[in-house]
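Take a look at the letters that make up each chain.
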Amino acid sequence: MSKHSRRDFMVRTAAAGMLTLGADHLLAQEGESKKPGDMAIARWTGAKRLTARQIDRIAAQLTEKAIEGIGGLKRFVSRGDVVWVKPNIGWDRTPELAADTNPSVVATIVRLCFDAGAKTVKVGDNPCDLAAKTYKSSGIADAVRPLGAKVVFLDRSRFRETAIRGERVKTIPTCPEILDSDLVINVPVAKHHGLAKATLCMKNYMGVIENRRSFHQDIPTCVADLTRFMKPQVCILDAMRVLTAHGPKGGNPADVQLKTTVAAGVDIVALDALGAELLGMKPADIGSIVKGQEVGLGKMDYRSLAPRQIAVS
Amino acid sequence: MSRRRLFWSAASTRRTVQAVFLLLFLGLVVVARPVPETQPSLLLKSFFWIDPLIMVATWLAAHAVPAAALLSLVVVVGTLVLGRVFCGWVCPLGTVHAMAGRFFDRWWPKSKRRDHSSPWQLTKYYLLVGLLVMAVFGVHWVCVWDPIVLFYRSTTVALMPAVQWAVEEGSTAIYQADPGIGPVHVTGVTEPVYEFMRDHVFVVPQQAFLGSWLILVFFVMIVLANGYRRRFWCRYLCPLGALLGILARWPMLRRTVSEDACNQCDLCAKGCHGAASEAAGSRWKPSECFGCLNCTGACSRGAIDFRWTWPWRRQPAAGSIDLSKRAVLGAMLGGLIGLPLMRAGRQSRGGTFHPKLIRPPGSRGEREFLKRCTACGLCMKICPTGGLQPVLTEAGLEGLWTPRLVPRIGYCDYTCNLCGQVCPTEAITPLSVEAKQQVKIGLASFDTTRCIPYAYGRDCMVCEEHCPIPDKAIYFLEIEVQDHDGNRKQIKQPHVDPGRCIGCGVCESVCPLKDRPGVSVFSANETRNPDNQPILPEQDPY
């Protein structure tokens, strides 16, 4: 904790110093970089019938391209950073059932984090099913361990009651190890959700907390509260396989559709809108997307961001 | 001449062997954990499979035993040859009693007063006879008191959770206070220890068992009884000890006392674990002797020796058990009287089912289940959600401490079949994961006075989200509700599809209402009891 405070202090001091010294210059630069790549959508345009192996290989390729399209991870990761990669590892299901993020997408992000200079990359989620089984069956633990990532099981007894100061959520137990990381990369899978209609980037932050069951009484507001607290920097949406019914847990292969798409971006609402369309829904029908735009988390009309479209075949 | 002078005495060898078996037993308790995508080792059941009492009682009650239980013939043959060495050298509960006895000998010498065998030691034989008579009629209850079962259950249900409580609460308190001097923090030591225990020893966080206090009280009582008489449980009560005692009537290894050398000092009886002799220098009862070899070491004249002989030889002389015919008949009568008393409960007659007696998936019908279940607790130990709990009253006296699923504590995991894999007597039949997913253990039902969408007009559906059935056994209907201020809105109300629900209890487990859930699972529709199936199947699954 003390380490974090010190780092935090130094970062803030440096930021404040830079702002006073060259605020104009910095802002100008940021404005420029925004145009070419705040969102990139990489799509596979090759063969439609693919084996699981091919899907994994394509997933890695698309993830690389999508991240390249927003300027690469160097834009977000500084040398020596501790990065938390936050996939959706919610359910004890195999990758073919699309209830969890594609392991190949997660593994590629881990590799790119190390390439960008990260000191430590941690991968973890707060699963709904039994954590040990879910990490295993999702394929994510086995995919990222050989790359040097630390697979972390969140320990609920080490969670900290944290002030969220949202509209509905005031305080909630959060995982300190995630919040203490220098960067959290949000890597959800696009899925149907029985109550919320869709679960995408914003809702994926529910894996950082505990006591989340009462959120269901007002998912849009609670999820928006949590997203504002998490201050998303970069999200990568996995839509390789999407679950279109009986979500979020699924389990029936007939409910899974192959979309072979990976999108990366800094606007979480825009990515969620894209995800909703991939699921065959209207973004305006998804409560959390509407709410997200309303509270200023991003733009629902993702096309206005002129996302870079990358076709891979 | 004197064996006591030897650096490494026979008793030291025995203590080493005892320690090895005790550690092996405890090690097998600790490693009985769910490991993803790994089948549990058959070794987990080894102590139960070598136990002849479990074999005999299960065979009498159910007329069937798993083939592996025939391994207990090794102990039977071993006892015929060597006497009750299982009690003295192998039995882990016996070792706990031996350790407690040593402690009390040192700090509470009163326990030495009774060195010679007492007629009360016959109690265990009469109990065994009575209980085995009941077993013939299908009451398997004797196994609940088998020492291996008793110790496994006590360790799993009472002792391990106590260790876990201490480690979890202690390390969490230190983590929160974070004491330390400069860069050195106590958590540098406590956190790695805690993390190791969490990842390699504990099964679920904050594991605890309902009614563990009764199991603990019984265990503590029999350990404390060593202060009154050394190895009180083994001498007076143990049903396995009694069974082995009967087998040890004419062992091939027998104690001889040289008449010339013996001066009747009675030192040999001072350290005797089993109180196997009747008086100084007098008859030795092989049925009471644990082969602890304390006597050979204690004798300063080297008068005591163990020698080989044939079972049919009457020399060296071996004292009989001295069972009274009248008492044996009384015990049998007692068993016959106990039988209707035990079975007279409402549930035992069939037709009545306790709504919260949800047995693990694959469990046999209640009557057949009770003929096999020893209440050892192995299924409770390995259950990955910690939902299997010992029954106290729900299954009658006959079902004391047998397992049931308590969904509020832990649900039945959809892709897990461990309980059936580890059950040593196949009271829970071993099933493949696919077969287990077809077994119904109960049926969910909504309490519309509690369930949030029904009672309070808000969306919830956490249960539907967690329902593991691919096509969902919980579905919802959209209805319009009106709140206090007159606003109308659409909400989703959950319903159970009884054809699809398998009763796993995850809905009850995750219901946001933590005091009394809005959805509960009851035993109705359980596959194992055809009489308890009110729902007509949609179509025949077979």
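1. Remarks on the overall build of chain B
Per the secondary structure count, chain B includes 22 helices and 10 strands. Structurally, chain B occupies a C-alpha span of about 105 × 70 × 35 Å along its principal axes. Buried residues in chain B amount to 47% of all 542 residues. Considering only intrachain contacts with a sequence separation of at least 6, the fraction spanning at least 24 residues in chain B is 75%.

2. Re the domain arrangement of chain B
Residue and element names in this part refer to chain B. Annotation of chain B at the domain level lists domain 1 (3–31 + 43–151 + 218–308) and domain 2 (375–532). The distance between the C-alpha centroids of domain 1 and domain 2 comes to 44 Å. Counting residues at the interface gives 12 residues for domain 1 and 11 residues for domain 2. Elements with a contribution of two residues or more to the side of domain 1 that touches domain 2: helix H2 (46–49) and helix H3 (52–62). Residue composition of the side of domain 1 that touches domain 2, by class: 10 nonpolar, 1 polar and 1 charged.

3. Some points on the packing of helix H8 (residues 219–230) of chain A against helix H10 (residues 287–294) of chain A
Residues and elements named next belong to chain A. The contact between H8 and H10 brings their axes to 8 Å, and the two run at 50°. Classed by the angle they form, the pair H8 and H10 counts as oblique. H10 is crossed by H8, and the crossing has right-handed handedness. When H8 is examined against H10, the residues Ile-219, Pro-220, Thr-221, Val-223, Ala-224 and Thr-227 are found in contact with a partner set consisting of Gly-287, Ser-288, Val-290, Lys-291 and Gly-292. Residue composition of the contact of H8 with H10, by class: 5 nonpolar, 5 polar and 1 charged.

4. Some thoughts on the interface of chain A and chain B
Taken together, the 21 residues of chain A in the interface contact 26 residues of chain B. For the side of chain A that touches chain B, the class distribution of residues is 5 nonpolar, 9 polar and 7 charged.

5. A closer look at the pairing of strand E3 (residues 120–123) of chain A
The two faces of a sheet get side chains in turn, since along a regular strand they alternate between them. All names here are of chain A. Where strand E2 (residues 82–87) meets E3, 4 bridges bridge the pair, whose relative direction is parallel. If you follow Val-82 over to E3, its bridge partner there is Thr-120. At this point the chain moves from E2, through helix H3 (residues 103–115), to the parallel E3, and the crossover so formed is right-handed. In this structure, E3 lies alongside strand E4 (residues 150–151), joined through 2 bridges in parallel fashion. Counted as the bridge partner of Val-123 is Val-151 from E4.

Reading the values: the criteria
Residues numbered from 1 in each chain as written. Chains lettered and ligands numbered in written order. Predicted model: local features only at pLDDT ≥ 70, side-chain atom pairs only at ≥ 80, totals over all residues. Helix = DSSP H or I, 4+ residues; strand = E, 2+ residues; numbered from the N terminus. Buried ≥ 20, exposed ≤ 12 C-beta atoms within 10 Å, placed from the backbone. Contact = placed C-beta atoms within 7 Å. Domains from an automatic or database assignment. Nonpolar A, V, L, I, M, F, W, Y, C, P; charged D, E, K, R; others polar. Axes fitted to C-alpha atoms, helices over the stretch in contact; angles between N-to-C directions. Parallel < 35°, antiparallel > 145°, perpendicular 65-115°, else oblique. Left-handed = near helix turned anticlockwise from the far one by under 90°. Pairing = 2+ DSSP bridges. Right-handed = clockwise from strand over helix to strand, strands pointing away.

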